[in-house]
Structures are given as C-alpha cells and as structure tokens.
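# Examination of the molecular architecture
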Amino acid sequence: MATEAPGIAVGTPGGHTRWVMIALTFMVAAVAYLDRSNIAIAAPLLKEELGLSNVQLGVVFSAFSFGYAATQPIAGRLADRFGAYRIIAAGVIIWSVLTAVTASIPAGFGLAFMTLLVVRFALGVGEAVIFPASNRMVANWMPSSERGLANGLIFAGVGVGAGVAPPLITTIMLTHDWRAAFWATAAIGLVALLLWLLMARETPARHPWASNAERAYIEAGMPERRAGEPARASWGAITGNRTVQLLIFSYFCFGYAAYIFFTWFFTYLSTVRGLDLKSSGIYGTLPFIAMAVASPVGGWIADRLTVRHGGRVGRSGVAGVGMVLAALFIAAATQVEDVRVVAAVLALGSGSLYLAQSAFWTLSADIGRSSAGAVSGVMNMGSQIGGAAVALLTPVLAESLGWSVSFLFTAGVCLAGGLAWAFIDPDATLKASR
C-alpha cells in the first residue's frame with residue numbers, strides 16, 4: 001500500500017536498475033576485501049619469507065588501517081564533489097596495482113618491512129574511497145525505505161570477499177606460493193574495474209537502463225530537505241553533531257571487533273589453535289559467511305521495523321542488539337576448547353555484529369543528505385582507527401596476558417559500542433555551523 005509519508009517511495013518501482021547498481025557496488029566491496037584480507041591469510045608464509053615478527057606484522061596490518069582512516073573524510077568529500085562512479089573506478093585501479101606491488105617484494109629484501117609499511121599504508125589510502133563513495137551511490141540511487149537492505153547487500157560483499165579469501169588464497173599457496181595469490185587477486189580487481197566502467201552510472205538520470213517510472217519512484221522516496229539544513233555541510237557542522245559523534249564512537253567499537261577477524265583470526269586458528277593450513281582455510285570462512293548472510297538480513301529487518309515502528313526501533317534497536325550479542329559470542333569463544341566450535345561461536349559473533357552494519361551507513365546517508373559521503377567518511381574513520389588499534393593491541397595483549405584476554409578485551413569494546421546506540425538519535429539532522 002502506497003504512503004505519502006516523507007522518505008517513503010510512492011507508486012510502483014518501475015524497474016530494477018537501482019538494484020543492479022547495488023550489485024555492482026557489492027562486487028567492488030567484495031574485491032576490496034579480498035585484496036585487503038589476502039595478507040592475513042598469507043601471513044604465516046609471508047612473514048617467514050620476508051623475515052617479519054608477529055609484532056612487525058601487526059604494525060603492517062595497522063599501516064593499512066591508518067592510511068584508510070586518515071583519508072576517510074577526504075574520500076567522502078571527493079565522492080560528494082566528483083561523483084562516486086569516478087572515485088570508485090580510481091580506487092580499484094590503485095588497490096589492484098598495489099596488490100601486484102606486494103607480490104613483487106623479493107625474499108630476503110633488507111627493506112621488506114619498510115616497503116610493506118609504505119605499500120599497505122598506500123593501499124589503505126586507495127581503498128578508503130569504497131564505502132564513503134558507496135554511501136554516496138546509495139544516497140543517489142535508493143529511496144530511504146530501501147536503504148537498509150541496499151547497505152546490507154553492499155556490506156555482504158565484505159563477508160563474501162573476506163570469506164572467499166581463505167580457501168582461494170590457501171589453495172593458490174598450496175599449489176604455487178603466496179605471491180601467486182596476490183597476482184590473482186590483483187587480476188580479479190581489474191576484471192571488476194571493467195564491469196564497473198561498462199555498467200555503472202552516477203545517477204538514475206544518467207543510466208540508460210533506468211525507466212522514467214523507476215526514476216520517479218526513487219525521487220519520491222528521497223528524504224525531504226528540512227529547515228536549516230545546508231546544501232553541503234561544513235566539517236564543523238558534521239563533527240559537531242552529537243549523533244555523528246556517537247556514530248563515530250560506536251563505529252570505532254564495531255571496527256575494533258570486526259578487524260580482529262580480518263587480521264588475527266586466521267593466524268589464531270592456524271598458529272594458536274593448531275589447525276593445519278587446509279583446515280584453517282575451511283573453518284576460516286565461517287565468520288565471513290556469517291557476515292555475508294547477516295548484513296543484508298539485518299538491513300532488511302531494519303527497513304521493515306523502521307517503516308512500522310520508526311528509526312528508534314528499526315535502526316538503533318537492531319544495531320544495538322546486534323553489537324551486544326556479538327560481544328557475548330566473542331567472550332564465550334574464549335571458554336571453548338574445541339577449535340572447530342571456537343570458529344562456529346566466533347562466526348555467530350561476526351554475524352551478530354554485521355546485523356548492525358547497515359544501520360551505520362543508512363543513518364549517515366539520511367543525516368548527511370547531500371553530504372552523505374563526507375558524513376560516512378568521518379564515521380568510517382572511527383571504524384578504521386578501531387581496526388588499526390586491534391591490529392596493534394591484539395599481539396601485545398596476547399603475548400603479555402594471553403590470547404583469551406585479547407578476545408575478551410575485544411568483546412568489552414564491542415559491548416560499549418552496542419550500548420552507545422541507546423543514545424543515538426535516528427532522526428537527527430545537520431545544521432549550518434555558525
């Protein structure tokens with residue numbers, strides 16, 4: 001039944017081109033996470049060949065996150081200014097080239113550690129564009145009532161890319177070596193780039209596949225401009241907004257919990273828990289399969305609940321409950337002996353965590369409006385700082401207090417992020433700074 005409520009699309013969809021755009025953005029997200037996860041899978045062989053310690057490897061992991069975090073606001077503003085279509089294309093080129101460069105570092109090279117630091121930092125800068133630009137694309141293409149599912153599907157690409165990485169990388173390493181795995185992922189990136197250039201467009205008005213009916217449907221579902229809302233928000237208006245500040249904090253906590261799976265989970269299974277390389281490649285996929293499933297499911301549930309009960313229940317409620325459950329599962333995994341059960345319990349944790357994913361990005365798009373890229377970039381900077389922190393702190397805590405403590409600390413951070421959703425206003429707006 002059609003409704004005249006603000007932000008709810010009126011009439012029939014009139015086509016599915018907007019979902020093609022979401023599928024393409026999903027593809028790019030999957031490739032991005034394949035390229036950023038490959039080093040974690042290859043870590044046992046890579047660090048031996050290049051002569052790295054676990055602490056040095058943690059610094060290398062964190063270099064990516066620092067580069068990614070530092071450029072998030074800029075990446076978002078670039079997407080708002082120049083368009084997501086071009087910015088994403090440039091990003092795919094950069095990270096594909098840098099993945100190939102990583103594969104070219106010679107064994108026994110005296111400057112291998114410093115070279116990896118520079119390359120991974122630059123890779124973080126290159127990949128920084130993907131999600132702020134994706135959020136700009138969602139803001140351009142999706143009515144508010146479908147943004148939860150759209151963001152959930154895009155972030156399912158995170159689970160798919162990171163989930164494909166363990167079996168793909170380990171298979172190539174077993175038959176060839178870790179360098180061949182990096183060459184393969186670089187090639188996959190170039191194929192994704194070609195598909196993006198051929199099939200994606202910046203807005204419905206520019207896409208030949210979008211019908212007039214679908215364009216009207218999308219336009220009818222866009223959030224209404226409100227009194228006092230700037231055409232393009234200043235950095236002061238964005239960073240001074242209380243809801244944005246809480247989103248940054250909660251997404252820091254989200255990133256801290258999420259990145260333990262992208263950095264140390266595979267090493268934890270293979271080195272700490274003693275799984276062989278082949279078994280680690282299999283069980284290592286479980287958390288990422290859970291992410292891929294939970295992300296769109298969480299977005300779909302959030303959309304339905306928001307339409308019926310408002311954003312307090314549909315956005316804040318789903319995200320808060322998801323993160324609290326994730327904290328409980330991560331903590332519970334430390335009490336389990338069987339490594340296969342550990343992988344399953346942690347998969348429940350990662351899945352619960354990703355029930356919250358779409359709420360962050362939907363709210364940042366709804367709050368940011370014409371500045372959706374900038375708002376989501378600032379928010380995502382918090383997540384990446386969390387990712388850098390977990391990459392650095394996990395081996396330090398593990399070596400001094402044990403791996404269980406490092407995971408319990410992660411659970412505590414995740415719990416704090418979940419509780420923060422009780423104070424996040426889903427109906428907040430940006431005001432012009434004075």
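To start, this report covers the structure provided alongside it. (Residues numbered from 1 in each chain as written. Predicted model: local features only at pLDDT ≥ 70, side-chain atom pairs only at ≥ 80, totals over all residues. Heavy atoms only, no water.)

## Quick notes on the environment of Asn38
With respect to the element layout, Asn38 can be found in helix 1 (residues 17-50). Along the sequence, Asn38 and Phe182 sit 144 residues apart, while their C-alpha atoms lie 7.1 Å from each other. In this structure Asn38 touches Thr99, Arg120, Ile169, Phe182 and Thr185, once residues within four positions along its chain are discounted. Looking at Asn38, its side chain comes within polar contact range of the main-chain oxygen of Asp35, at 3.2 Å. (Helix = DSSP H or I, 4+ residues; strand = E, 2+ residues; numbered from the N terminus. Contact = heavy atoms within 4.5 Å. Polar contact = N/O pair within 3.5 Å; in protein donor to acceptor, adjacent residues only side chain to side chain.)

## Section: the packing of aromatic side chains
This structure, assessed with the given rule, holds 14 aromatic pairs. Centroid distance Tyr85 to Trp196: 6.2 Å. Interplanar angle 20 degrees. Geometry classified as stacked. Of this pair, Tyr85 sits in helix 4 (residues 84-103) while Trp196 sits in helix 8 (residues 178-199), and the two are 111 residues apart along the sequence. Where Tyr251 meets Phe254, the ring centres are 5.2 Å apart and the plane angle is 35 degrees; that geometry is what we call tilted. In this pair, Tyr251 and Phe254 both sit in helix 11 (residues 242-263), three residues apart, roughly one turn of the helix. Judged by its relative accessible area of 2%, Phe254 is buried. Three or more aromatic residues joined by ring pairs make a cluster, and in this case those are Tyr33, Phe131, Phe155, Tyr251, Phe254, Tyr354, Phe360, Trp361 and Trp421. Sitting above the plane of the Phe82 ring, Arg81 keeps its charged end 4.9 Å from the centroid. (Phe/Tyr/Trp six-rings, centres within 6.5 Å; stacked < 30°, edge-to-face > 60°. Buried < 20%, exposed > 50% of the residue type's maximum accessible area, 1.4 Å probe, protein only. Lys NZ or Arg CZ within 6 Å of the ring centre and 35° of its normal.)

## Re the side chain of Thr410
Looking at the element boundaries, Thr410 is found in helix 19 (residues 403-420). Residue classification places Thr410 among the buried positions, given a relative accessible area of 0%. When residues no more than four places from it in sequence are discounted, the contact partners of Thr410 are Tyr256, Ala257, Ile260, Ile330 and Val390.

## Things to note about the side chain of Thr394
Its location among the elements puts Thr394 in helix 18 (residues 372-401). In this structure the side chain of Thr394 is engaged in a polar contact, spanning 2.6 Å, whose partner is the backbone oxygen of Val390. Not counting residues within four places of it along the chain, the set of residues in contact with Thr394 comprises Ile260, Trp264, Trp403 and Ser406.

## Focus on helix 7 (residues 147-175)
If you check helix 7, its first and last C-alpha atoms are 42 Å apart, about what 29 residues at 1.5 Å a residue would give, namely 42 Å. Of all the bends in helix 7, the greatest reaches close to 30 degrees and is centred on Ala165; the proline Pro166 follows between one and four positions later. (Expected span 1.5 Å × (residues − 1). Bend = angle between axes of the 7 residues up to and from the residue.)

## A look at the pattern of salt bridges
Counted according to the given criterion, the structure contains five salt bridges. Here Glu146 makes a salt bridge to Arg18, at a shortest N to O gap of 2.8 Å. With a gap of 128 residues between them, Glu146 in the loop between helix 6 (130-141) and helix 7 and Arg18 in helix 1 connect regions that are remote in the sequence. Like Arg18, Glu146 is buried. Of the charged contacts, one joins Arg179 and Glu49 as a salt bridge, the two residues approaching to 2.6 Å between their closest N and O atoms. One end of the pair, Arg179, is in helix 8; the other, Glu49, is in helix 1, with 130 residues separating them in the sequence. Classification of Arg179 by relative accessible area gives buried; the value is 14%. The exposure class assigned to Glu49 is partly exposed, which follows from its relative accessible area of 31%. A network of salt bridges, in which partner residues are shared, links Arg18, Glu146 and Glu214. (Salt bridge = Lys/Arg side-chain N within 4 Å of Asp/Glu carboxyl O.)

## Quick notes on the packing of helix 1 against helix 7
Axis angle and axis distance: for two packed helices, these are the angle between their axes and the distance between the axes, and together they describe the pair. Two elements in contact, helix 1 and helix 7, have axes separated by 6 Å at closest approach and are oriented at 35 degrees. The two elements helix 1 and helix 7 cross, and the hand of that crossing is right-handed. For the contact of helix 1 with helix 7, the residue count by class is 23 nonpolar, six polar and no charged. (Axes fitted to C-alpha atoms, helices over the stretch in contact; angles between N-to-C directions. Left-handed = near helix turned anticlockwise from the far one by under 90°. Nonpolar A, V, L, I, M, F, W, Y, C, P; charged D, E, K, R; others polar.)

## Focus: helix 15 (residues 311-333)
If you check helix 15, its first and last C-alpha atoms are 32 Å apart, about what 23 residues at 1.5 Å a residue would give, namely 33 Å. Of all the bends found along helix 15, the most pronounced is centred on Gly317 and spans about 35 degrees.

## A short note on the packing of helix 14 (residues 286-309) against helix 16 (residues 339-354)
It is the contact of helix 14 with helix 16, at a shortest axis distance of 7 Å, that shows an interaxial angle of 30 degrees. Looking at the two axes, helix 14 sits roughly parallel to helix 16. For the crossing formed where helix 14 meets helix 16, the hand is right-handed. Residues Leu286, Pro287, Ala290, Met291, Ala294 and Ser295 of helix 14 form the contact with helix 16, whose participating residues are Ala343, Ala344, Ala347, Ser350, Gly351 and Tyr354. Among the residues making up the contact of helix 14 with helix 16, the classes are represented as nine nonpolar, three polar and no charged. (Parallel < 35°, antiparallel > 145°, perpendicular 65-115°, else oblique.)

## Topic: a nonpolar patch on the surface
A contiguous nonpolar patch, built from Ile289, Val293, Val297, Trp300 and Ile301 and spanning about 440 Å² of accessible area, is present on the exposed surface. By the element assignment, Val297 lies in helix 14. Given the relative accessible area of 38%, Val297 is considered partly exposed. (Patch = residues over 30% accessible without salt bridge, like charges linked within 9 Å, V, L, I, M, F, W, Y side chains within 5 Å. Areas by Shrake-Rupley, 256 points an atom, 1.4 Å probe, with all protein chains shown as cover.)

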